[in-house]
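A structural walkthrough
Residues per chain, in single letters:
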Amino acid sequence: PIYFFIGLLCLFAVTLGCWVGHTVYSKDMAAYWLSKARPTRTDVNPTDSPLSYADASVLGFTVGARLDLLRILGYRPVGGHQTFCVAPILNEKELSKAKFFAVGINCCEPLWAFTCDDALDPHTRAGAVVSGAASAHASQRYEIFRQAAQQAGGLYN
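Throughout what follows, the structure given in this document is the object of discussion. (Residues numbered from 1 in each chain as written. Predicted model: local features only at pLDDT ≥ 70, side-chain atom pairs only at ≥ 80, totals over all residues. Heavy atoms only, no water.)

1. A word on the nonpolar core
Membership of the largest hydrophobic core comes to 17 residues, with the highest contact counts inside it found for Val44, Leu59, Phe61, Cys85, Ile89, Phe100 and Phe114. When contributions to this core are tallied by element, the ones reaching two or more residues are β2 (58–61), β5 (84–91) and β6 (100–105). At three residues, β5 tops the list of elements feeding residues into this core. Residues contacting Cys85, with those up to four places away along its chain left out, are Leu73, Gly74, Ala102, Val103, Gly104, Asn106, Cys107, Cys108, Phe114, Cys116 and Phe145. Residues Tyr75, Phe84, Phe145 and Ala152 belong to the second largest nonpolar core, which totals eight residues. (Core = buried A, V, L, I, M, F, W, Y, C linked by side-chain atoms within 4.5 Å. Buried < 20%, exposed > 50% of the residue type's maximum accessible area, 1.4 Å probe, protein only. Helix = DSSP H or I, 4+ residues; strand = E, 2+ residues; numbered from the N terminus. Contact = heavy atoms within 4.5 Å.)

The structure is reproduced here in C-alpha coordinates:
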(Lines give C-alpha, C1' and ligand atoms only; values in the text may rest on other atoms or scores of the structure.)
Protein backbone atom coordinates (compact mmCIF):
# COMPACT_ATOMS: atom_id res chain seq x y z
CA PRO A 1 0.00 0.00 0.00
CA ILE A 2 2.86 2.45 0.63
CA TYR A 3 4.14 2.04 -2.94
CA PHE A 4 0.69 2.83 -4.30
CA PHE A 5 0.61 6.03 -2.24
CA ILE A 6 4.13 7.00 -3.38
CA GLY A 7 3.16 6.27 -6.99
CA LEU A 8 0.09 8.51 -6.74
CA LEU A 9 2.16 11.22 -5.09
CA CYS A 10 4.73 11.04 -7.92
CA LEU A 11 1.98 11.17 -10.54
CA PHE A 12 0.50 14.23 -8.84
CA ALA A 13 3.93 15.93 -8.62
CA VAL A 14 4.69 15.31 -12.30
CA THR A 15 1.25 16.55 -13.38
CA LEU A 16 1.52 19.67 -11.23
CA GLY A 17 5.06 20.34 -12.50
CA CYS A 18 3.92 20.06 -16.13
CA TRP A 19 1.00 22.39 -15.53
CA VAL A 20 3.14 25.00 -13.72
CA GLY A 21 5.85 24.79 -16.40
CA HIS A 22 3.34 25.26 -19.19
CA THR A 23 1.73 28.21 -17.42
CA VAL A 24 5.04 29.97 -16.79
CA TYR A 25 6.18 29.35 -20.34
CA SER A 26 2.97 30.60 -21.98
CA LYS A 27 2.63 33.71 -19.80
CA ASP A 28 6.25 34.81 -19.59
CA MET A 29 8.92 32.80 -21.31
CA ALA A 30 7.33 32.39 -24.76
CA ALA A 31 7.31 36.16 -25.27
CA TYR A 32 10.91 36.36 -24.04
CA TRP A 33 12.18 33.75 -26.49
CA LEU A 34 10.16 35.25 -29.34
CA SER A 35 11.71 38.66 -28.66
CA LYS A 36 15.19 37.13 -28.73
CA ALA A 37 14.50 35.54 -32.14
CA ARG A 38 13.21 38.73 -33.78
CA PRO A 39 15.23 41.72 -35.03
CA THR A 40 15.45 45.22 -33.58
CA ARG A 41 14.38 48.00 -35.98
CA THR A 42 15.74 51.53 -35.66
CA ASP A 43 14.88 54.88 -37.27
CA VAL A 44 11.20 54.01 -37.49
CA ASN A 45 9.07 56.93 -38.64
CA PRO A 46 5.66 56.93 -36.88
CA THR A 47 4.01 57.70 -40.22
CA ASP A 48 5.35 54.46 -41.78
CA SER A 49 3.10 51.44 -42.18
CA PRO A 50 3.23 49.18 -39.10
CA LEU A 51 3.01 46.10 -41.34
CA SER A 52 6.60 46.55 -42.47
CA TYR A 53 7.75 46.16 -38.84
CA ALA A 54 5.55 43.20 -37.88
CA ASP A 55 8.58 40.92 -37.45
CA ALA A 56 10.41 43.24 -35.03
CA SER A 57 10.89 42.73 -31.31
CA VAL A 58 11.95 46.31 -30.52
CA LEU A 59 11.25 49.53 -32.42
CA GLY A 60 13.48 52.59 -32.16
CA PHE A 61 11.72 55.71 -33.44
CA THR A 62 13.16 58.76 -35.17
CA VAL A 63 14.07 61.93 -33.30
CA GLY A 64 10.80 63.69 -34.23
CA ALA A 65 8.62 60.97 -32.67
CA ARG A 66 6.80 61.57 -29.42
CA LEU A 67 3.93 60.27 -27.33
CA ASP A 68 0.76 62.28 -27.52
CA LEU A 69 -0.18 62.38 -23.85
CA LEU A 70 -3.44 64.20 -24.65
CA ARG A 71 -4.96 61.29 -26.63
CA ILE A 72 -4.77 58.55 -24.02
CA LEU A 73 -7.32 55.80 -23.65
CA GLY A 74 -7.66 53.40 -20.75
CA TYR A 75 -9.69 50.40 -21.93
CA ARG A 76 -11.20 47.87 -19.58
CA PRO A 77 -12.83 44.85 -21.25
CA VAL A 78 -16.25 43.75 -20.06
CA GLY A 79 -15.79 41.74 -16.88
CA GLY A 80 -12.07 42.57 -16.77
CA HIS A 81 -10.20 43.90 -13.76
CA GLN A 82 -7.20 45.37 -15.61
CA THR A 83 -7.00 48.64 -17.51
CA PHE A 84 -5.23 48.39 -20.87
CA CYS A 85 -3.69 51.77 -21.65
CA VAL A 86 -2.77 53.11 -25.09
CA ALA A 87 -1.20 56.40 -26.19
CA PRO A 88 -0.40 57.26 -29.82
CA ILE A 89 3.16 57.68 -31.03
CA LEU A 90 3.18 60.57 -33.50
CA ASN A 91 5.63 62.46 -35.64
CA GLU A 92 5.88 66.16 -34.75
CA LYS A 93 5.10 67.02 -38.39
CA GLU A 94 2.11 64.67 -38.75
CA LEU A 95 -0.19 64.78 -35.73
CA SER A 96 -3.45 63.69 -37.33
CA LYS A 97 -3.37 59.89 -37.55
CA ALA A 98 -1.65 57.41 -35.26
CA LYS A 99 -0.25 54.16 -36.60
CA PHE A 100 1.84 53.12 -33.58
CA PHE A 101 0.78 53.08 -29.93
CA ALA A 102 2.63 52.86 -26.64
CA VAL A 103 0.83 50.41 -24.37
CA GLY A 104 0.76 49.33 -20.76
CA ILE A 105 -1.43 47.68 -18.15
CA ASN A 106 -2.86 49.51 -15.12
CA CYS A 107 -0.78 52.66 -15.67
CA CYS A 108 -3.37 55.24 -16.74
CA GLU A 109 -6.78 56.63 -16.06
CA PRO A 110 -9.58 56.30 -18.66
CA LEU A 111 -8.58 59.44 -20.62
CA TRP A 112 -5.48 60.83 -18.92
CA ALA A 113 -2.34 60.16 -16.81
CA PHE A 114 -0.39 57.74 -19.02
CA THR A 115 2.50 56.78 -16.71
CA CYS A 116 3.51 53.44 -18.23
CA ASP A 117 7.23 52.75 -17.82
CA ASP A 118 9.27 55.62 -19.34
CA ALA A 119 6.36 57.35 -21.07
CA LEU A 120 6.98 60.66 -19.31
CA ASP A 121 10.67 60.75 -20.27
CA PRO A 122 10.94 62.99 -23.38
CA HIS A 123 14.15 61.21 -24.45
CA THR A 124 12.55 57.78 -24.71
CA ARG A 125 12.44 56.74 -28.36
CA ALA A 126 12.11 52.93 -28.27
CA GLY A 127 9.82 50.20 -27.05
CA ALA A 128 9.14 46.49 -27.22
CA VAL A 129 6.65 45.21 -29.77
CA VAL A 130 3.56 43.49 -28.35
CA SER A 131 3.04 40.35 -30.39
CA GLY A 132 0.22 37.85 -30.37
CA ALA A 133 2.38 35.10 -31.83
CA ALA A 134 4.08 33.92 -28.64
CA SER A 135 1.26 32.07 -26.87
CA ALA A 136 -2.49 31.99 -26.27
CA HIS A 137 -2.06 34.38 -23.33
CA ALA A 138 -0.05 36.82 -25.49
CA SER A 139 -2.64 36.53 -28.25
CA GLN A 140 -5.46 37.51 -25.86
CA ARG A 141 -3.46 40.45 -24.51
CA TYR A 142 -2.57 41.57 -28.06
CA GLU A 143 -6.23 41.46 -29.10
CA ILE A 144 -7.27 43.62 -26.14
CA PHE A 145 -4.55 46.19 -26.93
CA ARG A 146 -5.69 46.18 -30.57
CA GLN A 147 -9.28 46.88 -29.49
CA ALA A 148 -8.07 49.70 -27.22
CA ALA A 149 -6.06 51.24 -30.07
CA GLN A 150 -9.07 51.02 -32.40
CA GLN A 151 -11.27 52.76 -29.83
CA ALA A 152 -8.64 55.46 -29.28
CA GLY A 153 -8.41 55.97 -33.05
CA GLY A 154 -12.18 56.27 -33.31
CA LEU A 155 -12.32 58.68 -30.39
CA TYR A 156 -9.50 61.02 -31.42
CA ASN A 157 -9.23 60.80 -35.24
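Now that the structure has been shown, the text picks up again.
2. Some remarks on the sheet that holds β2
In spatial order, the strands read β1-β2-β7; together these three strands make up an open sheet with mixed pairing. For this open sheet the edge positions go to β1 (40–44) and β7 (126–128), each flanked by a neighbour on one side alone. Going from strand to strand, the sheet's axes swing by 15° on average, the running direction of each strand aside. Where β2 and β7 come together, three bridges link them in antiparallel fashion. Looking at β7, one finds that Leu59 is bridged to Gly127. (Pairing = 2+ DSSP bridges. Axes fitted to C-alpha atoms, helices over the stretch in contact; angles between N-to-C directions.)

That's the geometry; what it means functionally is another story.
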